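In case you want the letters, here they are:
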Amino acid sequence: MTNIPFFAALRRAFRRKRDGRCLSPCPYSIGDVATRTPWEIAFADRLAEFLSDPGERRTIVFVADAPNASTFRYRIYNIRQCLGRSPLRICYFYRSELPEVEAHLGRCDLVVLQRVKWTGLLQQTIDRIKALGIPLAYDVDDLICCLDAFPLVAHALNLDLEDERKFSFWMTRVARGEMVARQCDAFIATNRFLADWL
């Protein structure tokens, strides 16, 4: 594990969360959950927050392929909620929004790519992040970014490897994840077993 100073602050904040001392309430009203999910925050509002003065707070930008009620929710949105008033400011964007965010990346202290799949557009953003000297981390909750572990992943998912379509889908998914992960300075993993693979 790298010694990027923000990770130490994240670990302390998560310890407080585990101990039942979440740092802030949800900053957004959940409203009618039947018609709206709380992370459906307009891009303009998220960008305005990112561009606002963070004061003494460090800014971490998470990038996800797209929002969802599983990994995105618990690996990005819930972290944002819990760290609301901490020394760390969490902003998030989706891969499709990167062209509009890229010019402002110099404002962040760390970029975390959360299970993002490689694309040419993402590569341009990674190159820009590296040129700016901003630390880059890959956040993952399974072995979706390690070709060496593909047989293990296939077994865990009970994939029929004789089904060419499924095989190609999953092999491509893992390869695109690995292409991104290999370029990162650090990993954030859910457990030691996963961290040891990375």
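Bear in mind that the values here come from a model prediction, so they are computed numbers and not experimental data.

Undergrad: I'm lost on the side chain of Glu-97 in this one. Help?
TA: Residue placement: Glu-97 occurs in the loop between strand E2 (88–94) and helix H4 (98–101). Residue class for Glu-97 comes out buried when judged on its relative accessible area of 10%. Side chain to side chain, Glu-97 and Arg-46 meet in a polar contact 2.7 Å long.

Undergrad: What am I meant to see in the pattern of salt bridges here?
TA: In total, this model carries 10 salt bridges according to the counting rule given. The salt bridge partner of Asp-139 is Arg-75, with a shortest N-O separation of 2.5 Å. Here Arg-75 lies in helix H3 (residues 71–82) and Asp-139 lies in strand E4 (residues 136–140), a separation of 64 residues in the sequence. Across the pair Asp-141 and Arg-115 runs a salt bridge, and its minimum N-O distance is 3.0 Å.

Undergrad: Mind showing me how you'd approach the sheet that holds E4 here?
TA: Within a sheet, each strand pairs with its neighbour through backbone hydrogen bonds, oriented either parallel or antiparallel. Strand order across the open sheet formed by five strands is E2-E1-E3-E4-E5, with parallel pairing between neighbours. What marks the edges here is a single partner per strand, and that holds for E2 and strand E5 (186–189). Going from strand to strand, the sheet's axes swing by 25 degrees on average, the running direction of each strand aside. Sheet analysis places E4 next to E5, joined by four bridges and oriented parallel. The residue of E5 that forms the bridge with Val-140 is Ala-189. Contacting strand E1 (58–64), E2, strand E3 (110–114), E4 and E5, H3 runs over the sheet at an angle of about 145 degrees to E2.

Calculation rules
- Residues numbered from 1 in each chain as written.
- Predicted model: local features only at pLDDT ≥ 70, side-chain atom pairs only at ≥ 80, totals over all residues.
- Heavy atoms only, no water.
- Helix = DSSP H or I, 4+ residues; strand = E, 2+ residues; numbered from the N terminus.
- Buried < 20%, exposed > 50% of the residue type's maximum accessible area, 1.4 Å probe, protein only.
- Polar contact = N/O pair within 3.5 Å; in protein donor to acceptor, adjacent residues only side chain to side chain.
- Salt bridge = Lys/Arg side-chain N within 4 Å of Asp/Glu carboxyl O.
- Pairing = 2+ DSSP bridges.
- Axes fitted to C-alpha atoms, helices over the stretch in contact; angles between N-to-C directions.
- Contact = heavy atoms within 4.5 Å.

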